[in-house]
Amino acid sequence: MKRIGITGIAGFIGSNLADRLLSAGYDVVGYDNLAYGVREQVPDGVEFHEVDVRGREIYDLFERVDVLFHLAAKNCIADCQEDPVETADVNVTGTVNVFEAARRAGVGKIVYAESSALYEGSQSLPTPESDVCPESFYATSKLAGMAFAQAYRRFFETRTTALRYFCVYGPRQDYRRTIPPVMSAFIINLLRGRRPVIYGTGEKRRDFVYVDDVNDFHLRCIEDRATDGHTFNLGSGVNYSIGELFAIVADLLGSNLQPEYRPDLPGEARENLADISAARALGWEPRTGLREGLRRSVAYIKGELSKIA
Ligand SMILES: NC(=O)c1ccc[n+]([C@@H]2O[C@H](COP(=O)([O-])OP(=O)(O)OC[C@H]3O[C@@H](n4cnc5c(N)ncnc54)[C@H](O)[C@@H]3O)[C@@H](O)[C@H]2O)c1
């Protein structure tokens, strides 16, 4: 049985990945300092270590790991704009430390999370993997992490796959933080009878991809050697405006509340849209339509609220 490690396991993508791996029969070990993640989201059956990826403690904890998913990061763009030093510390130093710990422990492969934010300044839509053009501090930190990963591949022959997630959504996406990701923010506010905030005019367009579809590709990264040494965009290849997204969520919840418009948040791109031909060439296809994915997200947040009601 393969042993799979996940940094950032208490977060949105990490906890969903852990569930999927356990149900596929893998042995899962997870690492998280709970800076943004939630302990209760780490599924039973995971060997969990509460640890910071920047620390030396991780050096003893990657033993016997066959494939490591490095997902831990500081990733709210607005927070990263506020604190570039902390952003670099977690996303750059933390990433190098993870690569080094993995090298010393003899981890077979690292799959690491980059971001569509790397395309912030790109003019090409849909954007191919080659068009890297970061602007924000968050994107810049991911660029530095990417360069270190490439150096590990070059000098230590570390097997790697880089994943550029677009806007991943689904159950367990954080709805608790001050400015949650846009979908969770719409759902939680409408459920609470509050007017959700749209930053900007609602015309920004985003490529949303459902978390289970992303997990389909995660499994390929473990099993398919053709993913080694490559970078893949993971989006749906279709984008929606924030206004269109709001209309679908409001319709699903039967709400007539109108959004409140506020000035743009700093560092956010106008539009993103993934060119997913590289992932498709390996047989991957996003399966979940936006309305169906949102229905599941709504069901999740309703379930969470009923627990605290
Ligand atoms: N969700 C998306 O749409 C999206 C898009 C692009 C890229 N990404 C990237 O994917 C990865 C996972 O994103 P997510 O949405 O699950 O985020 P998340 O915030 O839900 O999860 C990140 C996890 O990392 C943990 N963490 C942060 N700093 C840490 C540290 N120093 N040591 C140990 N653990 C630490 C947090 O506690 C959290 O549980 C991140 O690298 C993110 O940048 C996500």
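Our subject is the structure listed above.
All values derive from a computational prediction rather than experimental measurement.

**Q** Whenever I open this one, the packing of helix α5 (residues 182–191) against helix α9 (residues 290–308) confuses me. Can you help?
**A** What describes two packed helices is the angle between their axes and the distance between those same axes. For the pair α5 and α9, the least separation of the axes is 10 Å and the interaxial angle reads 50°. When the axes of α5 and α9 are compared, the pair comes out oblique. Remark: the crossing between α5 and α9 carries right-handed chirality. Contact residues: α5 offers M183, S184, I187, I188 and L191, while α9 offers L290, L294, S297, V298, I301, K302 and L305.

**Q** Looking at this structure, I do not really get the site of the ligand. What am I missing?
**A** The local shell around the ligand holds 30 residues, among which I13, D32, L71, N75 and Y138 are the closest. D32 places a side-chain nitrogen or oxygen 2.6 Å from an oxygen atom of the ligand. Between an oxygen atom of the ligand and a main-chain N or O atom of V168, the distance comes to 2.9 Å. Its free accessible area being 830 Å², the ligand has 93% of it covered by the protein chains. Going through the elements one at a time, α1 (12–23), β5 (109–115), α4 (137–156) and β7 (167–169) are the ones with two or more residues in the shell around the ligand. The element best represented in the shell around the ligand is β5, accounting for three residues.

**Q** I tried to follow the nonpolar core on my own but got confused; where do I start?
**A** Soluble globular proteins: nonpolar side chains tend toward being buried together. One finds I6, L21, F69 and Y165 to be the most contacted residues of the largest nonpolar core, which totals 37 residues. Within the residue set of this core, elements represented by two or more residues are β1 (3–7), α1, β4 (67–70), β5, β6 (159–165), α6 (211–223) and β11 (230–234). With six residues, the single largest contributor to this core is α6. When residues of this core are sorted by domain, at least three fall in each of domain 1 (3–166 + 210–234) and domain 2 (169–206 + 238–308). With sequence-adjacent residues up to four places away left out, L21 is seen in contact with I4, I6, Y26, V28, L219 and I222.

Procedures and definitions
Residues numbered from 1 in each chain as written. Predicted model: local features only at pLDDT ≥ 70, side-chain atom pairs only at ≥ 80, totals over all residues. Heavy atoms only, no water. Axes fitted to C-alpha atoms, helices over the stretch in contact; angles between N-to-C directions. Helix = DSSP H or I, 4+ residues; strand = E, 2+ residues; numbered from the N terminus. Parallel < 35°, antiparallel > 145°, perpendicular 65-115°, else oblique. Left-handed = near helix turned anticlockwise from the far one by under 90°. Contact = heavy atoms within 4.5 Å. Near = heavy atom within 4 Å. Polar contact = N/O pair within 3.5 Å; in protein donor to acceptor, adjacent residues only side chain to side chain. Areas by Shrake-Rupley, 256 points an atom, 1.4 Å probe, with all protein chains shown as cover. Core = buried A, V, L, I, M, F, W, Y, C linked by side-chain atoms within 4.5 Å. Buried < 20%, exposed > 50% of the residue type's maximum accessible area, 1.4 Å probe, protein only. Domains from an automatic or database assignment.

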